[in-house]
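Read off the chains here:
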Amino acid sequence: MPKNASTEVTPDNSRTASRSRSVGFGVFALLVLLLVLAFVVSLSLGSVSIPLREVVRILTGEPALKESWGTIVLDFRLTKSITAVLVGGALSLAGLQMQTMFRNPLADPFILGINSGASLGVALVVLSIGTAGTAFLAGLGALGDLSLALAASVGAGLVLALILLVGQRVKNPTTLLIMGLMFGYATSALTSLLIYFSRPERIQAYTIWSYGSFSGVTWNQLKVMAPVILVGLGVAVFLTKSLNALLLGEDYARSMGLNVKHARFFILLSASLLAGTVTAFCGPIGFIGVAVPHVCRNLLHTSDHKVLIPAVVLVGAIAALAADALAQLPGSQYVLPINVVTSLFGAPFVMWVLIRQRRGGTSFTV
Amino acid sequence: MKKTIPILCVLLLLVVSACQAMPTGSPQPSATPASPSGTATAEANTQPPITIRYAKGFTLEYKGNYKILTVTQPWAGAEQALTYILVPRGSEPPANDGNATVIEVPVRSFVAMSTTYFPFLENIGKLDALVAVDDATYVYNPTVREKAASGEIAVVGGGMGGPSANIESLLELDPDVIMTSASGIPELDVYPKLEEVGLPVVINGDYLEQTPLGRAEWGIFIAAFFDLEQQASQQFDALVQRYEEVQALAAGVQERVTVFTNTDFQGTWYVPAGESYAAILLKDAGAEYLWEDQPGTGALPLSFETVFEKAKDADFWLNPGFAASLQDLLAMDARYAEFKAFQTGQVFNYNAKVTDTGGMDYFESGVANPDVILKDLIKIFYPELLPEHTLFYYQQLK
């Protein structure tokens, strides 16, 4: 992230929404530019080396020099890059919502056990193929390559329903947090049980899923994934004011006239839709959801969700594209798991951002 | 989740070590006391000596009235060999450095913690000696399944990746020998615990052999515990002859077909390296395996697009994961339809013989019958060479 982007903003003026919006314009222009750049880079990088000119030709609908290049760019790389943008944006936004709602800097999109539910669904499919369990899941095959995603969605959806139900009954957000953790433990235990009784090669398949990947998503799957994520994103935009109010605590928000119960329901719905959909199609992608909100808050020196929501979506998308480019190990024919890359390269970067921020004198606030 | 993390770590390690442990060929561990070729000399034995020709993981020697089996490679990257002294039942064990395990033979009861031992027991008529298995779910052998269902064969856990061993049941069974494979990580292997309680455990390294004949030669290792190694050796010689006959058939083909294997999973396509078991079978069947020049015995984690670029126009697609039909493949990833082999229906998988619960005969009796696997492959690639043969382990996906 370029330094000059953040030096324009000082902590003093960031609190007022009107100022931060005007200052943010330059930053946003830069972020959009970076996103476009990252998207192009991600399309032109891969194990098979295809010249950039050919990539552009293929994208504009002209026939490629080699027939297989057309398939690679359109069916492999374009889907992968679009997926990365959606995933990065969705997870970062969901992470931001959770961090604000629970006023907890460690909160991530999966803190309420959404991914454990999804994992259980996937474990049921992957670990039971070829066994008696298949009879129950055989019908899923008719859905084309959506079966794994559907199983994960069912799992995530069940946990989501439980969270929403509990969220309406529990007053204290901390209690909700602990309830979410408990859902996570319970579903993980079931997954562990399935793993315990499975064959090594199946466990390996499940393990690979748990490393996360953008490459497994096909056009067919994007047709389902993209609209759901856009709905989750739309809901989040409507929640901007509520999130800003919640920053100061639920009591304060209530005194400002916010229907906390109502707001909480929609925040949970939005975050769970975003995180659950991502996990369903790409596996549990870690790190981005917890790190990107911190990076944005620190670089932009603001806690205003009017600025943060678009910022985390953009930065998240850029981060996901960058991570994917690294995971493809350009020039080699191998690939690395996406979770390895995000954490390995992302963690030092976030540490650098935080240390740099401390030197500036402002301590971290959610 | 806590319990699964180490398991997952080990799986990762296994994959990594499989890729890296043996970069070219399999180096013989230095601690091999036997002659390098594993020649057995019959001193107090009137029988002809047995020469271990293909297996790199064990040697057999005769000394006086006892036999020494040395497992030179009990697990990938093992630094020390394991020694088993097989003494006639009731006789005094010879002096040894204390590191060797002494087992009285012939054994009367056998516990198998891998399904790959069944065909070898069956070949020497000793399947009756099987008293317990680690898990019956993935067994293919009908006799073993029936006996496990009726309780005649106990299910005791302890196999790789499965439930942990039921030590109490094993102590009660008091078997003459327990045979298992090992990963070399004591916390995850079953043998340290078994040794601790004094159970006679033997580590079998068959899965580390990279040649089909080397893997099949472990039948002699198992037979030695029943004093039936002569019979097993003769059976093995016949197998080698059958294998080489069909191999010679395929060696003469003028135009080799091109082949690729496995499937993508979430963007990673594991491709067997050129010196692996799968690659050697394909080579022996006269096919041009697209990654046959890749050194190593493990699997390479390639990206989908790399495999697509190289294999798009290949003639045959083999071993596509769990798929039992072309529809299954499409359900995994619609992009599979772009492969020529898919479009022409030349997709074959080794799951013709499977049980409802997931037992696969290819991984079980296939270990002892590589000649049948080879015949299947040649029938697939060059049907005119073996007009009489019908596919045994393989099926064409419809």
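Check the entry above for the structure.
Because the structure is predicted, anything quoted here is derived from the model rather than measured.

Let us look at the overall build of chain B. On a plain count of helices and strands, chain B comes out with 14 helices and 17 strands. Within chain B, buried positions represent 55% of all 398 residues. Considering only contacts within chain B whose residues lie at least 6 apart along the sequence, 61% involve residues at least 24 apart. Accessible area of chain B: about 16,200 Å², with a carbon and sulfur share of 52%.

Next up on the list: the sheet that holds strand β12 (residues 268-272) of chain B. All names here are of chain B. The antiparallel open sheet is built from three strands, whose spatial order is β11-β12-β14. Edge positions in the sheet fall to β11 (264-265) and β14 (299-303), since each has one partner strand and no second. Across two bridges, β11 lies against β12 in antiparallel orientation. Across the sheet, the residue bridging to F265 is T268, located in β12. Contacting β11, β12 and β14, helix α10 (residues 304-311) runs over the sheet at an angle of about 95° to β14.

All right, on to the environment of T137 of chain B then. All names here are of chain B. Locating T137 in the fold gives a position in the loop between β6 (130-133) and α3 (142-150). Expressed as a C-alpha distance, the spacing of T137 and T355, which sit 218 residues apart in the sequence, is 9.0 Å. In this structure, T137 is in contact with R145, T355, T357 and G359, ignoring residues within four places of it in sequence.

Okay, a nonpolar patch on the surface next. Residue and element names in this part refer to chain A. A surface patch of nonpolar side chains, about 390 Å² in accessible area, is lined by V32, V36, V40, L52 and V56. Contributing elements (two or more residues each) for the nonpolar patch: α3 (17-44) and α4 (52-59). As for its placement among the helices and strands, V40 is situated in helix α3.

Before going further, it helps to spend a moment on the packing of aromatic side chains. All chains considered together, the criterion is met by 35 aromatic pairs over all chains. Ring geometry for Y362 of chain B versus Y394 of chain B: centroids 6.0 Å apart, planes at 80°, classification edge-to-face. Of the two residues, Y362 of chain B sits in helix α13 (residues 361-364) while Y394 of chain B sits in the loop between α14 (370-381) and β17 (395-396), which places them 32 residues apart along the sequence. Note on Y394 of chain B: relative accessible area 3%, which makes it buried. One aromatic cluster in this structure is built from F76 of chain A together with F260, W269, F304, F308, W317, Y336 and F339 of chain B. Above the ring of Y277 of chain B, the side-chain terminus of R215 of chain B is found at 3.7 Å from the ring centroid. Over the ring of F76 of chain A we find R335 of chain B; its NZ or CZ atom is 4.7 Å from the centre of that ring.

Take the nonpolar core next. Formed by 126 residues in total, the largest nonpolar core has its most connected members in F110, F225 and F381 of chain B. When sequence neighbours within four positions are dropped, the list of residues in contact with F225 of chain B reads L69, L86, I103, V105, P106, V107, V177, M179 and V202 of chain B. Judged by nonpolar contacts, the second largest core, of 91 residues, contains F28, F102, V217 and L239 of chain A.

This part covers the pattern of salt bridges. All names here are of chain B. Per the counting criterion, the structure on display carries 23 salt bridges over all chains. In this structure, D237 and R53 form a salt bridge, with 2.7 Å as the shortest nitrogen-oxygen distance. Placement of the pair is D237 in helix α8 (residues 229-251) and R53 in the loop between α1 (4-20) and β1 (58-63), with a sequence separation of 184 residues. Judged by relative accessible area, R53 falls into the partly exposed class, the value being 45%. Here D227 makes a salt bridge to K67, at a shortest N to O gap of 2.4 Å. Of the two residues, D227 is situated in the loop between α7 (218-224) and α8 and K67 in strand β2 (residues 66-71); the sequence distance between them amounts to 160 residues. Judged by relative accessible area, which is 39%, D227 ranks as partly exposed. Judged by relative accessible area, which is 5%, K67 ranks as buried.

Looking now at the packing of helix α5 (residues 67-102) of chain A against α10 of chain B. Packed helix pairs are characterised by how far apart their axes lie and by the angle those axes make with each other. Across the interface, α5 of chain A lies against α10 of chain B with an axial gap of 10 Å and an inter-helix angle of 155°. Regarding the angle of α5 of chain A to α10 of chain B, the classification is roughly antiparallel. Considering how the two elements wind past one another, α5 of chain A and α10 of chain B form a crossing that is right-handed. Only F304, E305, F308 and E309 of chain B of α10 of chain B make contact with α5 of chain A, whose side of the interface consists of S68, W69, T71, I72, F76 and R77 of chain A. Taken together, the residues that form the contact of α5 of chain A with α10 of chain B break down as five nonpolar, two polar and three charged.

Moving on to unusual backbone geometry. Residues and elements named next belong to chain B. Residue P106 is bonded to the preceding V105 through a cis peptide linkage, with omega at -5°. For P106, the position within the fold is in the loop between β4 (101-105) and β5 (110-112). The backbone phi angle of D174 is positive, close to 50°, even though this residue is not glycine. Within the secondary structure layout, D174 lies in the loop between α4 (167-173) and β8 (177-180). Even without glycine at this site, N319 takes up a positive phi of about 55°. Its place among the elements puts N319 in the loop between β15 (316-318) and α11 (326-332). For N319, a relative accessible area of 8% gives the class buried.

It is worth spelling out empty space enclosed by the protein at this point. Counting across every chain of the model gives six cavities of 30 Å³ or more. Approximately 70 Å³ is the volume found for the second largest cavity. Forming the boundary of the second largest cavity are F76, K80, S215 and Q328 of chain A together with G267, S303, F304 and E305 of chain B. At the level of elements, α5 of chain A together with α10 of chain B are the ones that each hand at least two residues to the lining of the second largest cavity. Of the residues belonging to the lining of the second largest cavity, the class tally is two nonpolar, four polar and two charged.

The rules behind these values
- Residues numbered from 1 in each chain as written.
- Chains lettered and ligands numbered in written order.
- Predicted model: local features only at pLDDT ≥ 70, side-chain atom pairs only at ≥ 80, totals over all residues.
- Heavy atoms only, no water.
- Helix = DSSP H or I, 4+ residues; strand = E, 2+ residues; numbered from the N terminus.
- Buried < 20%, exposed > 50% of the residue type's maximum accessible area, 1.4 Å probe, protein only.
- Contact = heavy atoms within 4.5 Å.
- Areas by Shrake-Rupley, 256 points an atom, 1.4 Å probe, with all protein chains shown as cover.
- Pairing = 2+ DSSP bridges.
- Axes fitted to C-alpha atoms, helices over the stretch in contact; angles between N-to-C directions.
- Patch = residues over 30% accessible without salt bridge, like charges linked within 9 Å, V, L, I, M, F, W, Y side chains within 5 Å.
- Salt bridge = Lys/Arg side-chain N within 4 Å of Asp/Glu carboxyl O.
- Phe/Tyr/Trp six-rings, centres within 6.5 Å; stacked < 30°, edge-to-face > 60°.
- Lys NZ or Arg CZ within 6 Å of the ring centre and 35° of its normal.
- Core = buried A, V, L, I, M, F, W, Y, C linked by side-chain atoms within 4.5 Å.
- Parallel < 35°, antiparallel > 145°, perpendicular 65-115°, else oblique.
- Left-handed = near helix turned anticlockwise from the far one by under 90°.
- Nonpolar A, V, L, I, M, F, W, Y, C, P; charged D, E, K, R; others polar.
- 1 Å grid on protein atoms, 1.4 Å probe; cavity = no way out; pocket = protein on both sides within 12 Å on 5 of 7 lines; lining within 4 Å.
- Points joined across faces, edges and corners; volume = space filled by probe spheres on them.

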